Amino acid sequence: MAKQNCWEFKKCGRYPGGENEKELGVCPVSTEPRTDGIHGGMNAGRVCWLIAGTLCKGNIQGTFAQKLGNCMTDCEFYKKVKTDEGENFEFSGNVLRKLQPK
């Protein structure tokens with residue numbers, strides 16, 4: 001069974017072809033291929049807290065450093081992924097290395 005991505009959980013409609021794509025733009029999480037498959041997600045769908053430009057409470061979030069604290073304490077999806085993955089949860093530093101330019 002496929003694991004739920006953040007745009008499915010949050011129902012934001014910011015994925016390509018989504019109902020809010022034209023109004024709010026495509027979320028970079030839905031198109032970030034370097035993190036595809038991490039935690040069983042599509043693109044960055046299950047590591048969204050590491051990607052700038054996501055929406056949180058209707059506001060576009062900035063860099064990873066600016067948003068991680070909020071995600072860890074306030075985001076139900078972050079908590080869900082962490083619980084779902086258990087000991088297989090991939091920590092932020094490991095994932096961020098995949099996002100670095102080569």
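Above this text is the structure in question.
Reading guide: rules and limits
Residues numbered from 1 in each chain as written. Predicted model: local features only at pLDDT ≥ 70, side-chain atom pairs only at ≥ 80, totals over all residues. Heavy atoms only, no water. Helix = DSSP H or I, 4+ residues; strand = E, 2+ residues; numbered from the N terminus. Rg over C-alpha atoms; globule rule 2.2 N^0.38 Å. Buried < 20%, exposed > 50% of the residue type's maximum accessible area, 1.4 Å probe, protein only. Contact = heavy atoms within 4.5 Å. Areas by Shrake-Rupley, 256 points an atom, 1.4 Å probe, with all protein chains shown as cover. Lys, Arg positive; Asp, Glu negative; His and termini not counted. Charge placed at Lys NZ, Arg CZ, Asp CG, Glu CD. Core = buried A, V, L, I, M, F, W, Y, C linked by side-chain atoms within 4.5 Å. Salt bridge = Lys/Arg side-chain N within 4 Å of Asp/Glu carboxyl O.

*Asks:* Can you lay out the overall build of the protein for me, pointing to particular residues and giving the numbers?
*Replies:* Within the protein, the secondary structure is distributed over five helices and two strands. In terms of overall size, the protein behaves like a compact globule, its C-alpha atoms giving a radius of gyration of 13 Å where 102 residues would be expected to give roughly 13 Å. The principal-axis extent of the C-alpha atoms belonging to the protein is close to 35 × 30 × 30 Å. Looking at the 102 residues of the protein, the share that counts as buried comes to 38%. In the protein, the share of contacts with a sequence separation of at least 24, taken over all contacts with a separation of at least 6, comes to 45%. Accessible surface computed for the protein: about 6,100 Å², of which carbon and sulfur atoms make up 53%. Taken as two groups, the 15 positive and 12 negative side-chain charges of the protein have centres that lie 3 Å from each other.

*Asks:* Explain the nonpolar core residue by residue, including any values.
*Replies:* A general tendency of soluble globular proteins is for nonpolar side chains to be buried together. The biggest cluster of nonpolar side chains holds 21 residues, and the ones touching the most others in it are Cys6, Val29, Val47, Cys48, Trp49, Leu50 and Phe77. Mapped onto this core, the elements with two or more residues apiece are α1 (6-10), α3 (64-74), α4 (76-85) and α5 (92-99).

*Asks:* Just give me the short version of the environment of leucine 99, but keep the residues and values in it.
*Replies:* Position of leucine 99 relative to the elements: it lies in helix α5. In this structure leucine 99 comes out as buried when scored by relative accessible area, which is 13%. Sequence separation between leucine 99 and glutamate 32 is 67 residues; the distance between their C-alpha atoms is 9.1 Å. Apart from residues lying up to four places away in sequence, leucine 99 is in contact with Glu32, Arg34, Thr35, Leu50 and Ile51.

*Asks:* Please set out unusual backbone geometry residue by residue, giving values where relevant.
*Replies:* Phi angles above zero are rare outside glycine, and lysine 11 is one such case at about 55°. The residue lysine 11 is located in the loop between α1 and α2 (21-24) in this model. We note that histidine 39 has phi near 60°; this positive angle belongs to a residue other than glycine. Relative to the elements of secondary structure, histidine 39 occurs in the loop between α2 and β1 (55-56).

*Asks:* Would you mind going over the pattern of salt bridges in detail, with residue names and values included?
*Replies:* Evaluation of the coordinates by the stated rule reveals seven salt bridges. In this structure, aspartate 84 engages arginine 46 in a salt bridge whose closest nitrogen and oxygen atoms are separated by 3.2 Å. With aspartate 84 in helix α4 and arginine 46 in the loop between α2 and β1, this residue pair connects regions lying 38 residues apart in the sequence. Note that lysine 98 and glutamate 90 form a salt bridge whose closest N and O atoms lie 3.4 Å from each other. Given a relative accessible area of 36%, lysine 98 falls into the partly exposed group.

Fair warning: the whole summary comes from geometry, so function is off the table for now.
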